[in-house]
Every structure is written in C-alpha cells, then in structure tokens.
Amino acid sequence: MFRTDINYRKQCLIKLLHAIEENENEIANALYKDFKKSEFEAYLTETFIVISELKHIIKNINKWAKPKMVLPSILNFPSLDYVYKEPYGKVLIISPWNYPFQLAVSPAIAAIAAGNSVTIKPSELTPNTSALIAKIFSNLFEKSHVEVIQGGIETSQALLAKRWDYIFFTGSVNVGKIVAKAAANNLTPVTLELGGKNPCIIDKNCDLDIAAKRLVWGKFVNAGQTCIAPDYLIVEKSIKENLIQKLINEIEISYSINQQQSADYPRIISKKNWERLVNFTKQQNIVYGGKHDENELFLSPTLIDEPSLESPVMHEEIFGPILPILTYEHKNDIEQIVQKFEKPLALYVFSNDKKFSEELISKFSFGGGCVNDTLIHFANNRLPFGGVGFSGIGAYHGKLSFDIFSHQKAIVKKATWLDIKLRYAPYKNKIETIKKFVNWL
Ligand code: NAD
C-alpha cells in the first residue's frame, strides 16, 4: 500500500513528525550521551533540520508525486506526455555518526515519501542515538515498510551483500568505494554523500572580523566533525597574523579560555579518531590550542601555522577541531594547493571582490559552498547538496530528495484520431519528406 497510496505516505510522515516533536528531549539526551553535543547544536543541526524537511515534504508531496505533464514532441503529434514518479522499491540507507540523527532520518523521510520500503543502518559509533532512531521507527512502522538495523561494519557488509533497488550512503570516501562496488553487482543506483578536504580562501579585501566569526563557527561546530567544515585555510599572506589573532579571540568568546569546561563544545567520537587527530598536531607549529585529554576524548580548537603540504594533517580529511593555516601571495599559489587534492565537498571564499570570488567558483570543481560564510548552503532545501568526483555522486535535499528516490518513468499517451503514415514501411521516397521536415524544424 505504501508504494502507491500518496495519502497513506503522507499520514506516515505526519505520524513521524509528531513522534520526532514528542522525542525532542530524548534526541538531545542521546546526542549528549554519545559525544556531549550541546542541546542547542542538537536542535539546530539535527532535530530542526529533520522537522523542517518533514514539513516541506508533507506540504508538497501531492504535487511532487503527481505525474508531471511535459510539452509533447511534434514528432509524436498528437500526444500528451508525462513523467510518472515510480518508487524504486527497497531502499538501503547507511549513515555516519557525525550528525547521526539527521543523516539517517532525512534521507529516510524522502525515501518513504517517494513510496519505497526503507532499511536504515545507522552508525554503531553513536549507540544511544541509533537505538532511539530504531525505537521511533519501530513504534510507527511495520518492519516490511521501515526497518532500522543496528550494528557495525559486519552488519553493513551483510546488508550490502543483499539486493536493493537503491542505496543511499553517507560516510567516508573509502567506504563509499566499497558501497559502489557492492551496488555494481546488481546494477543498483546509488547516492554517495562523501567527504574531502574543503579549502577556505581568504582574500585581504574582506571583512576580517566577520570572516573570523563565521570561520570559528563553521570549523568548530560539532568539534570540527562536519563533512562540509573548512578543512584548511589559504590566507593572503599579509593578513595572516591579524586573522590568527581574530580567530583566537572568537574561539575564546565562543567556548571560553578553558574549552574543556564549555557546555557547548563536543567531544571526539572515538579513541581511534582522537588518536588520529592528536597525531596530526605532533611536530607542527601550533599557534593556538593543541590541548587534549584522553579520558574525555577532548581536543581543544587548534590552529596550525603553515604545515607542510607533505605532513599527515594535509594528507587526509581532518574531520576534527584542527585548522591548518596556509598562505598565498599570488593567485597561482591557491591553484597549486587546491588542485593537489581530489575535488572537495565544499569550498569557501571570503572576499568583497566579486571578480575574485567568481573566478574561484568557476575555476575549481567542488560540491557546493559559500561566499563570505561557511556551511550555510546546507540549510537551503532549494539547493542541491552533494559532492562531485571523490566527494560524492548525486545530491539531495528538498524536492531533489523526493526525486532521487523515484524512478522517472516517461509515458507518451498517443491519440488515435490521427495516424500519420510517414514512419511505416514501405519507406520508398519517404526519406526526402523526413529531411524537408528536419530542415523546417
Ligand atoms: P564511515 O564511512 O566510516 O562509516 C559510515 C557508515 O558505513 C557506518 O554506518 C558504518 O557502519 C559503515 N561502514 C564502515 N566501514 C564499512 C565497511 N568496511 N563496509 C561497509 N560498511 C562500512 O564514515 P564515518 O566515520 O561514520 O563518517 C565520517 C565520514 O563521513 C567523513 O569522511 C565525512 O566527510 C563523511 N560525511 C559525509 C557527509 C555528506 O553529507 N557528504 C555527511 C557526514 C559525513
């Protein structure tokens, strides 16, 4: 029934919306238990996003699900032409730990809206949030419609070994490749929402106070564990020292001098990631931060001045609260740094010079980004969200989310009151008429 009846799908989403609103505190508590995410960040970056997405889909589902009439081709005259939205069938959603509620539930909502049955495999690294997701969905849905399967890598591999009609994966590039290979066995279409090293370029012609504020927010929200966080800065050399002072100032305004005591500063998700990040800080010129505490998996906001491009911190996506600061003197320097890496998920430019920012936007290939801000392109559901090249395949959010979980079926409804004979054999002498017609078009 969930495959065809739009009203049934809509009622499911309304029930889900109420359940999420009722569980707002439980969601915040689970996220706090998992990695000390503050109540504000839990709401702004998880619950609020899911609730807005649900409301947007509920409001528009009838319109989106309806067959869409398109202009017919003159070659088929007389006809009425449509795009039907057909559910793929069985959808698998595998999600990561960094926004564990939002990144599991948002794609699931769209898959349900499009009429699919859905299996969600949330992250094993956030057991409290994953258990809550399982509880919310199992209270509302038959297993045959929506099922949440908790577990780690083996569970994920076992699920990938099965046949699906669509796989939506959010996570690392390496696991993305595993998912793509598994999907290829059954020619299953995929969306891969991956990561990358996101550059942030800072021109001397910019509002440096605003830049420092927005950079500190975008980099240290969720303790830097955000796929679209600026990974490293490329700053015009003459303003570097000034910017560093402003960044330090903003860090201390946001999280106080003792960030370990701040109620707003989360922890690193696992010992493995904490060790990986602490190792990045070794033998580097740390101009701020670098404080760490293994017992609490704490790592303070850390600024590294001019790391070598060969150092480990510049080898892989950082995904933590460490901000390397590189410099440029000529525009060519920017190109040399950015193009050393695979196409990133995001790119940011701080500049008041429109020509400069336009040039960078068109020169580099990346998922999406902002001029004079960070992260916020994620929040507009009219913008596609996704990567390119190594940072991902496909994009979602808003109507696009509904569309990616729907096969677009082309239907021509041909009238019978007229039947032009031109296409039928025998073809003798007809080619000239066709050519005249093509020239006329
Ligand atoms: P991950 O790739 O390690 O894990 C993601 C999911 O894949 C988890 O559910 C996990 O159980 C499963 N998994 C892990 N190893 C697997 C394997 N070998 N075979 C099959 N399944 C496996 O990613 P993560 O550490 O949870 O998340 C961090 C990564 O996700 C970062 O690279 C980040 O940039 C990316 N990310 C991307 C987006 C986006 O929207 N593009 C959003 C958040 C995170």
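Here the structure is a predicted model, which means the values were calculated and not measured. (Residues numbered from 1 in each chain as written. Predicted model: local features only at pLDDT ≥ 70, side-chain atom pairs only at ≥ 80, totals over all residues. Heavy atoms only, no water.)

Chemist: Explain the overall build of the protein chain residue by residue, including any values.
Modeler: Secondary structure assignment for the protein chain yields 14 helices and 18 strands. Taken along the three principal axes of its C-alpha coordinates, the protein chain extends 80 × 55 × 35 Å. Residue burial in the protein chain is summarised as follows: out of 441 residues, 52% are buried. When the accessible surface of the protein chain is split by element, carbon and sulfur atoms take 55% of a total near 21,000 Å². (Helix = DSSP H or I, 4+ residues; strand = E, 2+ residues; numbered from the N terminus. Buried < 20%, exposed > 50% of the residue type's maximum accessible area, 1.4 Å probe, protein only. Areas by Shrake-Rupley, 256 points an atom, 1.4 Å probe, with all protein chains shown as cover.)

Chemist: Pulling in residues and values, what's your account of the sheet that holds strand S1 (residues 68-70)?
Modeler: As a general point, the strands of a sheet are linked pairwise by backbone hydrogen bonds and lie either parallel or antiparallel. The antiparallel open sheet is built from three strands, whose spatial order is S1-S2-S18. On the outer flanks of this sheet lie S1 and strand S18 (406-414), each paired with one strand and no other. Averaged over all neighbouring strand pairs, the angle between strand axes comes to 30°, with direction disregarded. Across three bridges, S1 lies against strand S2 (residues 79-87) in antiparallel orientation. (Pairing = 2+ DSSP bridges. Axes fitted to C-alpha atoms, helices over the stretch in contact; angles between N-to-C directions.)

Chemist: Lay out the site of the ligand in plain terms, naming residues and giving numbers.
Modeler: Neighbouring the ligand are 27 residues; Glu124, Ser156, Ser172, Leu194 and Glu317 lie closest to it. Interatomic distance of 2.8 Å between a side-chain N/O atom of Trp97 and an oxygen atom of the ligand. In the model, an oxygen atom of the ligand is placed 2.7 Å from a nitrogen or oxygen of the Lys121 side chain. For the ligand, the protein covers 90% of the area, taking 850 Å² as the surface of the free molecule. (Near = heavy atom within 4 Å. Polar contact = N/O pair within 3.5 Å; in protein donor to acceptor, adjacent residues only side chain to side chain.)

Chemist: Residues and numbers for the side chain of Glu46, please.
Modeler: Mapping Glu46 onto the fold places it in helix H3 (residues 39-65). Glu46 sits in the buried class, given a relative accessible area of 0%. From its side chain, Glu46 meets the backbone nitrogen of Phe101 in a polar contact 3.0 Å long. Excluding residues within four positions of it along the chain, Glu46 makes contact with Leu31, Lys37, Glu41, Asn98, Tyr99, Pro100, Phe101 and Gln102. (Contact = heavy atoms within 4.5 Å.)

Chemist: Go over helix H12 (residues 354-363), please, and point to the residues and values.
Modeler: When H12 is considered as a whole, its buried residues turn out to be Phe356, Ser357 and Leu360. Each buried residue of H12 lies within a common arc of 95° when the element is viewed along its axis, so the set occupies one face. Away from its buried face, by an angle of more than 90 degrees, H12 presents the exposed residues Lys354, Lys355 and Ser362. Tucked inside the fold, the buried residues of H12 contact strand S8 (199-202), strand S14 (322-328), helix H11 (331-338), strand S15 (346-350) and strand S16 (368-371). The backbone nitrogen of Lys355 lies 3.0 Å from a side-chain oxygen of the residue at the head of H12, namely Asp353. (Arc of directions from axis to C-beta.)

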